[in-house]
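# Tertiary structure, described
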Amino acid sequence: MGKLARGVALIGAGMSKFGAFPDKTSRELFVEAFIDARNSVDNGIDNKDIEAMFLGNFSSDLFEGQVHTGPIMADWVGLVPKPVTRTEGACASSGIAIRCGVMAIASGLHDVVCVAGVEKMTNLPTSRVTDTLGAASDVSYEFPVGATFPGLYATIATAHMKKYGTTIRQLRTVGIKNHDNGKLNPKAQFPLSIRDLMEKRIKKLKEKGGEAPSWRDEFDFLEDPRANPVVAWPLRLYDCSPITDGAAVLFLAAEEVARKYTDTPIHIIGSGQGSVQLALHDRADITTILAAREAAKMAYRMAGVGPEDIQVAEVHDCFTIAEIVATEDLGFFKPGEGGKAAEEGVTARDGEKPINTSGGLKSKGHPVGASGAGQAVEIWKQLRGEAGKRQVPDVEIGLTHNVGGTGGTCAVHIYRR
Amino acid sequence: MEVLTPEASVKSFYDFLKERKIMGTKCKKCGEIYLPPRPLCPRCVDSELEWVELEGRGKLVAFTSISVAPTHMLEAGHTRDNPYVFGLIELDSGPTVSALILGVDAKKPENIEIGTRMTVEFVERDDRVLLGFKPA
């Protein structure tokens, strides 16, 4: 139990640009990601080799009014009549698609599969996006009394602050760090540091002839309600991942055929998934996500490595507090010490435990159903030394942590060069 | 298998709130109380539960003040400059519930204290009654 019957490797990974694209629907974003992934396969890959597809998608139903989106994506990239299965676990939809792909190959059913994620979110006004994301909370009991997604994570934040003394400054540090990383990612929705955003705003105000605010630094800027309004206290706009359109595509292969496609496959050595009660009020402790602890335990055990061995990780920072909780749930830091670690620079790109070198969901963007696969794209690049200016030197072992909703679903994967 | 009358359901939870009653279910085996009520105890995986009426008293364990509202809260008047407070209340009888938090200043959330003693205040919203709590 808990072992793969045969090894599985990543042989290619790519993504569309993440952002707001009013003239594009899911299918065009998907084609863009598919081509990028195909180009990443060193020796090329032919569609006839791809036996099946697992597609993560949260809600084309509510975002685009399109149900049954799997066959469209398969068709648009020429994979019809191969089987396509859509997986849904809110924001972890494509994290669990990776696990489905791993299982399909490890079982011997398939040798090569496509694992993907796609989401088109920006067609709706913010209030309707809030409704749609809110549909991933408990709509019978949380949503009617006003819960929103930022609201639920803000609720987690107040509990974490009360229990451990986590500070608002620590939350803001996470956002600043991830924007610093995202600045170096050409695929990011907001490839700007918080300082860049601050200076841009000052310039704009000056151009308008207005009085230029005298923000001391990024933290001061982030506390100004005009620059950074509250969404759900204590979370402000720059504590929240944006509303994003995007797609990501991975190719997975059995170890015995992987070398046909590349001399540098990335081995998927650990896979874990867990669940927890959907509603926060039903959980024993909301300062941790049990699903993530369970998924991490499973993945570490399968991989035969521990948190100390992980050299680079993409964790689910849908909100700044979520990254702090994630780094604790993954065992990188003790419960309550995630905020402090961020503040001390441990999780910075040049720190001991670089987290979200891609910019994370915060800066790179969060097209929910594509985010899990998007995380794997960054680890693929980092472990192959292809991450450009944001490359962490000499990394061999990486991890992805993809959370659905407020944690009802979590998938963790561990990769080795 | 005993079937609770009325059945422990989402409908029964809200029907009882209309009668200004907070009704949970209690597992006859382990004694755990479920609110919202459940027809099956997930710990014992057993459906021998009984109705219990719970007192609307407890404490605030976590909260937020929400400025960006979903459509139904916007329609209730909660635009950006009129935030509302959502929170979790741990009842003295054990279970924790999600609720609207009333009687606090949503514009000064930094003054709201976790641990504050709270008492129920039912909220009529459209054709439903929702759980609200205010400082005791």
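Overview of the structure.

About the criteria used
- Residues numbered from 1 in each chain as written.
- Chains lettered and ligands numbered in written order.
- Predicted model: local features only at pLDDT ≥ 70, side-chain atom pairs only at ≥ 80, totals over all residues.
- Heavy atoms only, no water.
- Contact = heavy atoms within 4.5 Å.
- Buried area = accessible area lost by both parts, 1.4 Å probe.
- Salt bridge = Lys/Arg side-chain N within 4 Å of Asp/Glu carboxyl O.
- Polar contact = N/O pair within 3.5 Å; in protein donor to acceptor, adjacent residues only side chain to side chain.
- Helix = DSSP H or I, 4+ residues; strand = E, 2+ residues; numbered from the N terminus.
- Nonpolar A, V, L, I, M, F, W, Y, C, P; charged D, E, K, R; others polar.
- Pairing = 2+ DSSP bridges.
- Core = buried A, V, L, I, M, F, W, Y, C linked by side-chain atoms within 4.5 Å.
- Buried < 20%, exposed > 50% of the residue type's maximum accessible area, 1.4 Å probe, protein only.
- Axes fitted to C-alpha atoms, helices over the stretch in contact; angles between N-to-C directions.
- Phe/Tyr/Trp six-rings, centres within 6.5 Å; stacked < 30°, edge-to-face > 60°.
- Lys NZ or Arg CZ within 6 Å of the ring centre and 35° of its normal.

On to the interface of chain A and chain B, then. Between chain A and chain B, the contact holds 29 residues from the first and 36 residues from the second. Roughly 2,600 Å² of surface becomes buried between chain A and chain B when both sides are summed, with 63% attributable to carbon and sulfur atoms. Linking D282(A) and R38(B) is a salt bridge whose minimum nitrogen-to-oxygen distance equals 3.2 Å. Seen at the junction of chain A and chain B, the total is 12 residue pairs in polar contact (both at pLDDT 80 or more). Sorting the residues of the side of chain A that touches chain B by element identifies α5 (126-134), α6 (149-164) and β5 (230-233) of chain A as the ones contributing at least two each. Per element, the largest residue contribution to the side of chain A that touches chain B is seven residues, and it comes from α6(A). Looking at the side of chain A that touches chain B residue by residue, the classes come out as 15 nonpolar, 10 polar and four charged. Pairing of β5(A) with strand β4 (residues 57-66) of chain B, which is carried by two bridges, proceeds in the antiparallel orientation.

Further remarks concern the nonpolar core. One finds Y153(A), Y300(A), I310(A), I321(A), I414(A) and I89(B) to be the most contacted residues of the largest nonpolar core, which totals 99 residues. A total of eight residues in this core trace back to one element, the largest contributor, which is α6(A). Leaving out residues up to four positions away in the same chain, Y300(A) has contacts with V305(A), G306(A), P307(A), I310(A), L330(A), F332(A), L399(A) and I414(A). In this structure, L10(A), A254(A), A376(A) and V392(A) belong to the second largest nonpolar core, which totals 31 residues.

This brings us to the sheet that holds strand β4 (residues 112-119) of chain A. Residues and elements named next belong to chain A. Pairing is mixed across the open sheet formed by nine strands, whose spatial order is β3-β2-β4-β7-β1-β8-β11-β10-β9. Single-partner strands in this sheet number two, and they are β3 (84-87) and β9 (312-314). Mean inter-strand twist for the sheet, computed between neighbouring axes without regard to direction, equals 25°. Two elements, strand β2 (residues 52-56) and β4, share five bridges in a ladder whose sense is parallel. Across the sheet, the residue bridging to M53 is C114, located in β4.

Now for the packing of aromatic side chains. Tallying each qualifying case throughout the model produces 11 aromatic pairs over all chains. Centre to centre, the rings of F34(A) and F251(A) are 5.6 Å apart; their planes meet at 85°, and the pair counts as edge-to-face. With F34(A) in helix α1 (residues 26-40) and F251(A) in strand β7 (residues 246-254), the pair connects residues that are 217 residues apart, well separated along the chain. A relative accessible area of 0% places F251(A) in the buried class. Ring centres 5.0 Å apart and planes at 90° place the aromatic pair Y141(A) and F13(B) in the edge-to-face group. Taken together, the residues span two chains, with Y141(A) in the loop between α5 and α6 and F13(B) in helix α1 (residues 10-18). By the burial criterion, Y141(A) is buried, and F13(B) matches it. Among the aromatic side chains, those forming a connected cluster through ring pairs are Y141(A), F13(B) and Y14(B). Sitting over the face of the ring of W76(A), R27(A) holds its NZ or CZ atom 4.5 Å from the ring centroid. Over the aromatic face of F219(A) sits the side chain of R169(A), whose NZ or CZ is 3.7 Å from the ring centroid.

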